[in-house]
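Okay, here's what each chain looks like letter by letter:
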Amino acid sequence: MLFMGGLAGDPAAMALNAGLYNQIPLGAGGQPVQSDEALASIPGAEMVKRLLDQYGIDSSLLITVGMLLTIFNSFTGLYSFFLNMIYQAMNFFAAYFLSKAHIRSNDESFDYVMEYLARNEISTDSRLFHVSTQQDTIPRKHKAMFYDGATFQGINRPDSEFVQADEYGPKLKFIPASAKKHYFFFEKTLFIIERTIEHTPTHNNNGMGARADDETVDIWTVGRNPVALRRFLAHCRVLFMKQQQYKTVLHTCDTYDMRWSASQTRPIRSLDSVVMTFKDKNRLLTDIAEYLSPKTKAWYQEQGLPYRRGYLFYGLPGTGKTSLTTAIAGAFNLKLFILSLGAQNLHDNYVQELFMSLPPRAIVLLEDVDSANVDRDYGYGMNHDEDIDSEDDEEVDKVLNRGQNTRRPSNVSLSGLLNAIDGVGSAEGRVLIMTTNRRESLDTALIRPGRVDMEIEFGRANHEVLEQIFIQLYSGKKQNVSSLALEAEKKKTEKEIAEEATHKQEIEELAKKFAAMVPEGTFTPAEVQNFLLPRKRDPKLAIDELQEWLDVQLDNIKKSEEKEKRKRTKFLQRRQKWLKQRKQMKILSHGDDSDDESEDFGRRKKRRSKDFLEGIVEEEEGKGQGEDAEKVEGDVKKEGGDETVTSENKEVSVPEIKTENVEGDDSKSKKSEEGDWSDVETSRPASRPTEPSS
Ligand SMILES: Nc1ncnc2c1ncn2[C@@H]1O[C@H](COP(=O)(O)OP(=O)(O)OP(=O)(O)O)[C@@H](O)[C@H]1O
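Residues numbered from 1 in each chain as written. Predicted model: local features only at pLDDT ≥ 70, side-chain atom pairs only at ≥ 80, totals over all residues. Heavy atoms only, no water.

### Side note on the pattern of salt bridges
This model, assessed by the stated rule, comprises 13 salt bridges. The residue R283 makes a salt bridge to D280 at a minimum N-O spacing of 3.6 Å. With a gap of three residues between them, R283 and D280 both fall in helix α8 (residues 278–292), about one helical turn apart. What makes R283 partly exposed here is its relative accessible area of 37%. Where E508 meets K504, a salt bridge forms, and the shortest distance between an N and an O atom there is 3.8 Å. In this pair, E508 and K504 both sit in helix α16 (residues 494–517), four residues apart, roughly one turn of the helix. The exposure class of E508 is partly exposed, given its relative accessible area of 30%. Three or more residues joined by partner-sharing salt bridges are found here, namely D287, R309 and D453. (Salt bridge = Lys/Arg side-chain N within 4 Å of Asp/Glu carboxyl O. Helix = DSSP H or I, 4+ residues; strand = E, 2+ residues; numbered from the N terminus. Buried < 20%, exposed > 50% of the residue type's maximum accessible area, 1.4 Å probe, protein only.)

Laid out in structure tokens, this is it:
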């Protein structure tokens, strides 16, 4: 009880202390009575006294200790009381004589301030600081709150790069601690700054009661006039903008609290570095430039049209869809927001909120829109039992490619996505870029005009692209825009410029040779780069080794095409069998060719359809490349010119179905009663064995 002094200022504690005082009786004149008398008046004290006497300890000592502790208690109480007064006075002062700005970490201005603090060593000498080696991904909560003492001179230049690593690995970043006030002067005015981390209960998908950390920063300055504060914030903004001038800021969805978070900054990628046909690039860039011009915006408003534009980039993986999007963001100074619909926890509501919270002048990159529920045919919850009666070649492709769709299904529904894209609350002024490897599986609603205003196909490299890739890699021209690179460009001497021109000419000639050797439409740009990169310092070596590489690659391609062809042929055979069986089942169930109206029959048909589709993919995956397609087992028995299908112990004669030419020449393929399936083009799988690393 004596230690309740820690709670001084608390009325309950003071009352208790007073009570203890009252336990010591006072004699005449207010003087304490003799210790024995005093002790006698305290219950239980007699017993303690006897105990102390046993050990030869003077019992009057108890009184002295008690009194000393009481005095100490009074002092701590007083101290707390005065502290409390000072605190109240400061609050009063802050309320009436200070200006204050309150910024939350989900606002960009938070980054402005953090940038200033990091660059100006504010309170980095504090005894309490956080240390981090995280380099690339800077959580927003700590964004820019780091600097490296050793390279501070370097990074203090407005638009220079942070030096984040040395020869031993990532350098340390020092992050000033939160929940502590930091003081500094800006333009001779005193500023006080405090970071606070808030723990807010959330009810998001992470579960009830999960907590989301949020950070705020409070800035005070002396005086009722907030001009100094505004000037400071404007200064921070300019500093930040200069830093970001040659960077592309990537925002991704923070899956914890489901909002945009600036996760990375990257040097701007130049448009030249993305190689594609001039026609397509020109068409696209002209369209975006036109859309972003202020006149167009005004026109949209006058017409009462929603000011939005959408593009679909489709084609094989590694053909430059993402690279081009990043380059566009840099070229038009747009913020880039990347959303993958397969992200865990992402639901319709969140997608809508994310679209609503986009700033103006932003690109939203929706990657792999074919994934999951937004997929018309294969997505999670979609109709797998779809009848495969279609005569459409695309149908065959889809079935055969189905096994390749290993992406995790999304929780986002098609209608949810459509609402997010152009619902009432969706932000205006943004550019939407959707990418997919499988355009054919997208729902037409998703890519109708208004949602997708232009489509660009990305394919394997033709001669123009091959030549450009070679030139890009060996010309020595820097593809990342930065102030330092631009400075270096300006400082070149005439001799250097002349040497560069000669080098360029040489490279262009080699590029022509290179492009002539590589067959057109055979490799993706990523595959070509994959060959060139290990030989990046020696263009002639690349030419010398090209033929050897081509031989290996073309052989691999041939093998995978053959495999694909076998798979396709098997599919066609099975399909024919299945159709025959179905026909027989119809006859057995109804005795005629009427439509499948029996519910039982419909269910059986669907199950068989599903089993059939899955069977063909599994079978091909389960067996090796050398598998003979003729080994397909079935119920079909050939008997003379006709076939007999065994079904439910009954034999029914059906017209002959030709199944020859399984491995042979495609041109001799059969024509069945279901139509001609022989001319279907064999598609080469996107992924092939890559060059063994040397
Ligand atoms: N057209 C291109 N020009 C320059 N580089 C390219 C091109 N295509 C691919 N690359 C290079 O290949 C790599 C992969 O490219 P990118 O991610 O842009 O392909 P993608 O089409 O978006 O693939 P995915 O569909 O798998 O997302 C990158 O390193 C990129 O530099």
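### Notes on the site of the ligand
The full set close to the ligand counts 16 residues, and V275, G318, K321, T322 and S323 are the nearest of them. The contact in question runs from a nitrogen atom of the ligand to an N or O atom on the side chain of Q529, over 3.0 Å. Taken by itself the ligand offers 610 Å² of open surface, and the protein chains cover 76% of this. Counting residues per element, the ones that place at least two in the shell around the ligand are α10 (321–331) and α17 (525–532). Here the shell around the ligand is built from residues that sort into six nonpolar, eight polar and two charged. (Near = heavy atom within 4 Å. Polar contact = N/O pair within 3.5 Å; in protein donor to acceptor, adjacent residues only side chain to side chain. Areas by Shrake-Rupley, 256 points an atom, 1.4 Å probe, with all protein chains shown as cover. Nonpolar A, V, L, I, M, F, W, Y, C, P; charged D, E, K, R; others polar.)

### A look at α16
Helix length check: α16, at 24 residues, gives a terminal C-alpha distance of 35 Å against a target of 34 Å (1.5 Å per residue), a fit within 8%. Within α16 the residues assigned to the buried category are I507, L510, A511, F514 and A515. (Expected span 1.5 Å × (residues − 1).)

### Some points on the confidence of the model for the chain
It should be kept in mind that the predicted coordinates are not to be read in detail where pLDDT is low. On average, the chain scores 70 in pLDDT, and the residues at 70 or more come to 60%. Low confidence marks residues 1–30, where pLDDT is under 50. Its contacts with residues over four positions away, or in another chain, come to 34 contacts. The complex model carries a pTM of 0.60, and its ipTM stands at 0.97. (pLDDT = per-residue confidence, 0-100. Contact = heavy atoms within 4.5 Å.)

### Section: the packing of helix α11 (residues 348–356) against helix α13 (residues 414–422)
Look at α11 against α13: their axes get within 8 Å of each other, and the N-to-C directions meet at 10°. Judged by the angle between their axes, α11 and α13 are roughly parallel. Crossing angle aside, the handedness with which α11 passes α13 is right-handed. Only G416, L417, N419, A420 and I421 of α13 make contact with α11, whose side of the interface consists of D348, V351, Q352 and F355. (Axes fitted to C-alpha atoms, helices over the stretch in contact; angles between N-to-C directions. Parallel < 35°, antiparallel > 145°, perpendicular 65-115°, else oblique. Left-handed = near helix turned anticlockwise from the far one by under 90°.)

### Here we look at the packing of aromatic side chains
For any two aromatic rings, the description comes down to two numbers: the centre-to-centre distance and the angle of the planes. Taken as a whole and judged by the stated rule, the model has 20 aromatic pairs. Consider the rings of Y112 and F240, whose centres lie 5.1 Å apart with planes at 50°: the pair is tilted. Linking Y112 in helix α5 (residues 108–119) with F240 in helix α7 (residues 227–244), this pair joins segments that are 128 residues apart in sequence. Accessibility assignment for this pair places Y112 and F240 in one class, buried. Ring centres of F186 and F232 lie 5.3 Å apart, and the angle between their planes is 70°; this geometry places the pair in the edge-to-face category. In this pair, F186 sits in strand β6 (residues 181–186) while F232 sits in helix α7, placing the two residues 46 residues apart along the sequence. In textbook terms, an aromatic cluster arises when at least three aromatic residues are bridged by ring pairs, as seen for Y116, F184, F186, F191 and F232. (Phe/Tyr/Trp six-rings, centres within 6.5 Å; stacked < 30°, edge-to-face > 60°.)

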